[in-house]
Amino acid sequence: MSITKIFEFLKRRYAPRGAYQSFVHTGEDLLIEQALLSFGQKKISYIDIGCHHPIFGNITYLFYKKGGSGVVVEPNKNLCNEIRKKRNRDICIEGGVGKVGGQADFYAFKRDTRSTFSKDQAEEWQKNSGQKYETRSIPLFSLDSIAERYFSKESPDFISIDTEGYEEEILSGFSWNIRPKVFCIESAGRKEALASLFKSKGYEIYAETPANTIFVDILKRN
């Protein structure tokens, strides 16, 4: 029996009535789902930057499971292969996202969730954890290039950016020619700066968790 089927069995057998299924430990996927429902949106399209595992701890799997699909970006080759096996409706780009396209150094840790394109973040984690990073050269794409290739006719409903401190670099090269209804941005330590940026683009804070901030497009909602 597959892990997914075991999980579904355990949920049916032991979850209390009225429980909601989330695949993220702080429930961001449920908050995003509620935000999108306020736009009347049910079948969700997305761009997931820094996807990591295809199911567990993944912010877009809930939407995939409910029939949605999109583009996921993951620099780890093994994880990309897993994503392609488990989520064949999604397009998985093996690489990273930056201000512009090209090549970039990727600082990879054994603990994959700490791997990053930000040297400052890598140095800080190496110092605090004692783990050493390995530097790899990885292809880089701009958010605009992904949007133009895969969402030329209609904006994705939702964009997630979880890149261990590289989020502002990615957004600094974004033209805002597409307007997803919802963004979820890893924002720990940078919430005020990100809130100011999104406010200037017509977005407001919908919800916050210790690690992430969820923004909604007030222009579309109004």
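Above this note sits the structure.
The present account deals with the structure reproduced in this document. Predicted model only: the values in this text are computed from it and were never measured.

What the chain contains, in helices and strands, is 9 helices and 10 strands. Taken along the three principal axes of its C-alpha coordinates, the chain extends 45 × 45 × 30 Å. Sequence-distant contacts in the chain: of pairs separated by 6 or more residues, those separated by 24 or more amount to 62%. For the chain, the exposed surface amounts to about 11900 Å²; the carbon and sulfur share of it is 48%.

Further remarks concern the packing of aromatic side chains. Within the structure shown, the criterion is met by 16 aromatic pairs. Centre to centre, the rings of Phe 106 and Phe 117 are 4.8 Å apart; their planes meet at 50°, and the pair counts as tilted. Residue Phe 106 is found in strand E5 (residues 102–108), and its partner Phe 117 is found in the loop between E5 and helix H5 (119–129); the two are separated by 11 residues along the sequence. For the residue pair Phe 106 and Phe 117, the accessibility class agrees, reading buried in each case. What links up through ring pairs into an aromatic cluster is the set Phe 174, Trp 176, Phe 183, Phe 198, Tyr 203 and Phe 215. The ring centre of Trp 125 lies 4.1 Å from the NZ or CZ of Arg 114, which sits over that ring.

In this section: the layout of surface pockets. Vacant regions in the atomic arrangement are exposed by a probe of water-molecule size rolled over the atoms. The calculated volume of the largest pocket comes to roughly 980 Å³. Those elements that provide at least two residues to the lining of the largest pocket are strand E1 (45–49), strand E2 (69–74), strand E4 (96–98), E5, strand E6 (134–142), strand E7 (158–161) and strand E8 (182–186). In terms of residue class, the lining of the largest pocket is made up of 17 nonpolar, 18 polar and 14 charged.

Counting 30 residues, the largest nonpolar core has Ile 49, Leu 143, Leu 171, Phe 183, Ile 185 and Phe 198 as the members making the most contacts within it. Setting aside residues no more than four positions away along its own chain, Phe 198 makes contact with Leu 171, Trp 176, Phe 183, Ile 185, Tyr 203 and Phe 215. Ala 35, Ile 44, Ile 59 and Leu 62 belong to the second-largest nonpolar core, a separate cluster that totals 25 residues.

Another point: the pairing of strand E10 (residues 212–217). Regular strands place their side chains on alternate faces of the sheet. The buried fraction of E10 amounts to 6 of the 6 residues, a majority that puts the element mostly inside the structure. Burial along E10 is two-sided: the residues Asn 212, Ile 214 and Val 216 and Thr 213, Phe 215 and Asp 217 are all buried. Direction of pairing for E8 relative to E10: antiparallel, over a ladder of 5 bridges. Along E10, the bridge assignment pairs Ile 185 with Thr 213. Relative to E10, strand E9 (residues 203–208) runs antiparallel, the two being bridged by 5 bridges. Counterpart to Ile 205 in the pairing with E10 is Phe 215. Hairpin connection between E9 and E10: a loop of 3 residues separates the two successive antiparallel strands.

On to unusual backbone geometry. Here the phi dihedral of His 52 falls at roughly 65°; this positive angle occurs in a residue that is not glycine. Locating His 52 in the fold gives a position in the loop between E1 and helix H3 (61–65). A relative accessible area of 24% means that His 52 is categorised as partly exposed. Despite not being glycine, Trp 176 has its phi angle at roughly 65°, a positive value. Tracing the sequence through the fold places Trp 176 in the loop between helix H7 (167–172) and E8. Relative accessible area serves as the criterion here: at 11%, Trp 176 is assigned to the buried category.

Quick notes on the rules
Residues numbered from 1 in each chain as written. Predicted model: local features only at pLDDT ≥ 70, side-chain atom pairs only at ≥ 80, totals over all residues. Heavy atoms only, no water. Helix = DSSP H or I, 4+ residues; strand = E, 2+ residues; numbered from the N terminus. Contact = heavy atoms within 4.5 Å. Areas by Shrake-Rupley, 256 points an atom, 1.4 Å probe, with all protein chains shown as cover. Phe/Tyr/Trp six-rings, centres within 6.5 Å; stacked < 30°, edge-to-face > 60°. Buried < 20%, exposed > 50% of the residue type's maximum accessible area, 1.4 Å probe, protein only. Lys NZ or Arg CZ within 6 Å of the ring centre and 35° of its normal. 1 Å grid on protein atoms, 1.4 Å probe; cavity = no way out; pocket = protein on both sides within 12 Å on 5 of 7 lines; lining within 4 Å. Points joined across faces, edges and corners; volume = space filled by probe spheres on them. Nonpolar A, V, L, I, M, F, W, Y, C, P; charged D, E, K, R; others polar. Core = buried A, V, L, I, M, F, W, Y, C linked by side-chain atoms within 4.5 Å. Pairing = 2+ DSSP bridges.

By themselves, these observations are geometric and do not establish any function.
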